[in-house]
Amino acid sequence: MFRFSRRRLLLGASAGILAGVSPALLSSREYSGEMPYRPTPFPEPSHYDPTRRFLTDEERAFLEAAVDRLIPADDWPSASELGVVNFIDSELAGPFGRGAIYYTKPPFMKGTEQQGYQSGEPAKLYRTAIAEIEERVIEKHGARFAELEPEQQDEILTQLEEGEMELGEASATDFFTMLLQNTKEGYFGDPVHGGNRNMESWRMIGFPGARYDYRPYVDWHNKRVVLEPVSVAGFTRFSPEPRED
């Protein structure tokens, strides 16, 4: 009697799909015990490059004020103090700013909210929106956004969020949504990208970062383990033993 096994079925299906491929590619192996794994060098992440700039001085001043209203300082640093504007600047100067992750070809049609971002290159959105916001702020208050009182800045950001401020070419809600998202990314992302300076936000929320192994702490039952965070690039202020709070 012919014995029909799952392995034979899978190999047969592979042979049908890979017709004409060498039979050596269709062979199978069985492993027991440890997997024959050999680590390979991990590709070094690209580090934040302070020379990669997009924002003008006026645009940076606007963003420093805006992100500090989104994440103001309290017992922990504000967004700008942790380098969020550096993060945004670098991202706008790179593939993200050029819209590499978005489809930016015509035809251009107004999308629905469920379809996500539809406003083209993020760098262009930032530049256009900031200029148009500043124009309206100067008309109303006689000063730039960064020169206003915090309560006035909050009012303007609320108008952007709720679509109550009419801009020209830019979408107020699209800009606010992207600004808020990029602010959170810069504040809580890995510091290798320019924000989250010294991993302070990770310390604030107790996030240990890009740690590979937690086996030394498996037996720490009913204890709070506080570990120094580790960047994906490997740098840290790590101490070998966890501390208890």
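Every value quoted in this text rests on a predicted model; they were computed, and no experiment measured them.

Peer 1: With reference to specific residues and values, describe the confidence of the model for the protein chain.
Peer 2: Averaged over every residue, the pLDDT of the protein chain is 82; the share at 70 or more is 76%. Confidence drops under a pLDDT of 50 for residues 1-11, and excluding neighbours within four residues, the segment shows seven contacts in the predicted structure. Across residues 13-19 the pLDDT falls below 50, and counting only partners more than four positions away or on other chains, this stretch makes three contacts in the model.

Peer 1: Give a detailed account of the packing of aromatic side chains, specifying residues and quantitative values.
Peer 2: Where two aromatic rings form a pair, the distance of their centres and the angle of their planes describe that pair. Evaluation of the coordinates by the stated rule reveals seven aromatic pairs. The interplanar angle of 45° and the centroid separation of 4.8 Å between the aromatic rings of Phe62 and Phe145 together place this pair among those described as tilted. You can see Phe62 sitting in helix H2 (residues 57-70) and its partner Phe145 sitting in the loop between helix H4 (122-141) and helix H5 (150-161), a full 83 residues away along the chain. Taken as a pair, Phe62 and Phe145 share a single burial class, namely buried. A centroid spacing of 5.4 Å and a plane angle of 80° characterise the contact between Tyr126 and Phe175, whose relative ring orientation is edge-to-face. With a gap of 49 residues between them, Tyr126 in helix H4 and Phe175 in helix H6 (residues 172-188) connect regions that are remote in the sequence. You can call Tyr126 buried: its relative accessible area is 0%. Of the residues examined, Phe175 reaches a relative accessible area of 0% and is grouped as buried. Each member of the aromatic cluster is reached from another via a ring pair, and the members are Phe62, Tyr126, Phe145 and Phe175. The ring of Phe54 has Arg127 lying over it, and the distance from NZ or CZ to the ring centre is 3.9 Å.

Criteria and cut-off values
Residues numbered from 1 in each chain as written. Predicted model: local features only at pLDDT ≥ 70, side-chain atom pairs only at ≥ 80, totals over all residues. Heavy atoms only, no water. pLDDT = per-residue confidence, 0-100. Contact = heavy atoms within 4.5 Å. Phe/Tyr/Trp six-rings, centres within 6.5 Å; stacked < 30°, edge-to-face > 60°. Helix = DSSP H or I, 4+ residues; strand = E, 2+ residues; numbered from the N terminus. Buried < 20%, exposed > 50% of the residue type's maximum accessible area, 1.4 Å probe, protein only. Lys NZ or Arg CZ within 6 Å of the ring centre and 35° of its normal.

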